[in-house]
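For reference, the chains in residue letters:
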Amino acid sequence: MKRNPILLNKMIKDVKEEKKYNQEIESNRSQIIAVVGAYEGAGCTHHALNLAYTLSKNYKTALVELDNKSELVGFNDEYELKEGTLDSKRLEDLEVYFDIEGNNISNLAKIIKQKYEYIILDMGCIYEDNSKEIKRPEKYNEICRADKRILITQLKEWKNKYFERVINNEDLEDWIIGINLSNIEDFTNLKKEIKKTYKKAIVINLEYCEVFKCDSKLHE
């Protein structure tokens, strides 16, 4: 599997700086990153996997599936994964926990005890469905407790209402917002609008042609 720098342009630099600090302050504490989608099919699992895989090259990392509609099942079938810690499967240096016993949140404690440096949570859609009603699932608490939260969305006209729903119901001040499959003009305009409300939010263009130009920054 090739390393994919999507989302890591900003993240890798941050985690290297944080690693030294966190080792001094909380030597045994995992850094938990929750990756969530504004709606089903936004690309949450894809980017969570890419982020975890790349982090695993430098840090002890686990990818935990908390999305019962995840596409990781296909990933498991495609690659020859070895047995890992507990019930995980291993892809090179990355340990992947598939559907941790029916997405039972209590099982996260067992994983955290393994002292990973980074645990990436594939949360799936932030709400339980794509209806207008806000239904926060049990796993929502894990999003709130995470050290970093990444929201994945796309600038499709027929999907914008779901992104707007998140904007209107969540405090995204300290989130990373990844905009997938957008053109530069639409991305720039949306970033300006988001920054008006959430000045500290990090807004990233996930368009492949833009991200791959920054590949060298992964090795700094």
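Along each chain, residue indices are assigned from 1 in the same order as the chain's sequence is written. At least 70 in pLDDT is required for a residue's local features to be given in this predicted model, at least 80 for side-chain atom pairs to be given and counted, and no such filter applies to totals for whole chains, interfaces and linings, which use all residues. Calculation of side-chain values draws on the structure's entire complement of heavy atoms; hydrogens and water are dropped beforehand.

A. Just the packing of aromatic side chains, in detail. Under the pairing criterion, centres of Phe, Tyr and Trp rings, with the six-membered ring standing for Trp, must be within 6.5 Å; the plane angle then separates stacked pairs below 30 degrees from edge-to-face pairs above 60, leaving the rest tilted. A full pass over the atoms with the stated rule returns three aromatic pairs. Measuring from centroid to centroid gives 5.9 Å for Tyr39 and Tyr162, while their planes differ by 40°, and the two rings are tilted. Of the two residues, Tyr39 sits in the loop between strand 1 (31-37) and helix 2 (44-55) while Tyr162 sits in helix 6 (residues 160-169), which places them 123 residues apart along the sequence. Note on Tyr39: relative accessible area 2%, which makes it buried. Exposure categories follow from relative accessible area, calculated using a 1.4 Å probe and restricted to protein chains: below 20% of the type maximum is buried, above 50% is exposed, and the middle band is partly exposed. With a relative accessible area of 12%, Tyr162 lands in the buried category. Ring centres 5.3 Å apart and planes at 70° place the aromatic pair Tyr59 and Tyr118 in the edge-to-face group. With a gap of 59 residues between them, Tyr59 in the loop between helix 2 and strand 2 (61-65) and Tyr118 in strand 6 (residues 118-125) connect regions that are remote in the sequence. By the criteria applied, helices consist of DSSP H or I runs no shorter than four residues and strands consist of E runs no shorter than two, each listed in order from the N terminus.

B. Main features of the pairing of strand 5 (residues 94-97). Burial along strand 5 is two-sided: Leu94 and Val96 facing one way and Glu95 and Tyr97 facing the other are all buried. Pairing between strands requires that DSSP locate at least two bridges from one strand to the other. Pairing of strand 2 with strand 5, which is carried by three bridges, proceeds in the parallel orientation. Residue pairing for strand 5: Leu63 is matched across the bridge by Val96. Alignment of strand 4 (residues 89-91) against strand 5, held across three bridges, turns out to be antiparallel.

C. View of helix 6. Every buried residue of helix 6 is accounted for by Tyr162, Phe163, Arg165 and Val166. Each buried residue of helix 6 lies within a common arc of 150° when the element is viewed along its axis, so the set occupies one face. Of the exposed residues in helix 6, the ones pointing more than 90 degrees away from its buried face are Lys161 and Asn168. In this description, the arc belongs to the directions extending from the helix axis to the C-beta atoms.

D. Structural detail: unusual backbone geometry. With phi around 55°, Glu92 is a residue other than glycine that occupies positive phi space. On the basis of relative accessibility, which here comes to 43%, the residue Glu92 falls in the partly exposed class. Not every positive phi belongs to a glycine, and Lys115 is a case in point at roughly 60°. Along the chain, the position of Lys115 falls in the loop between helix 4 (108-112) and strand 6.

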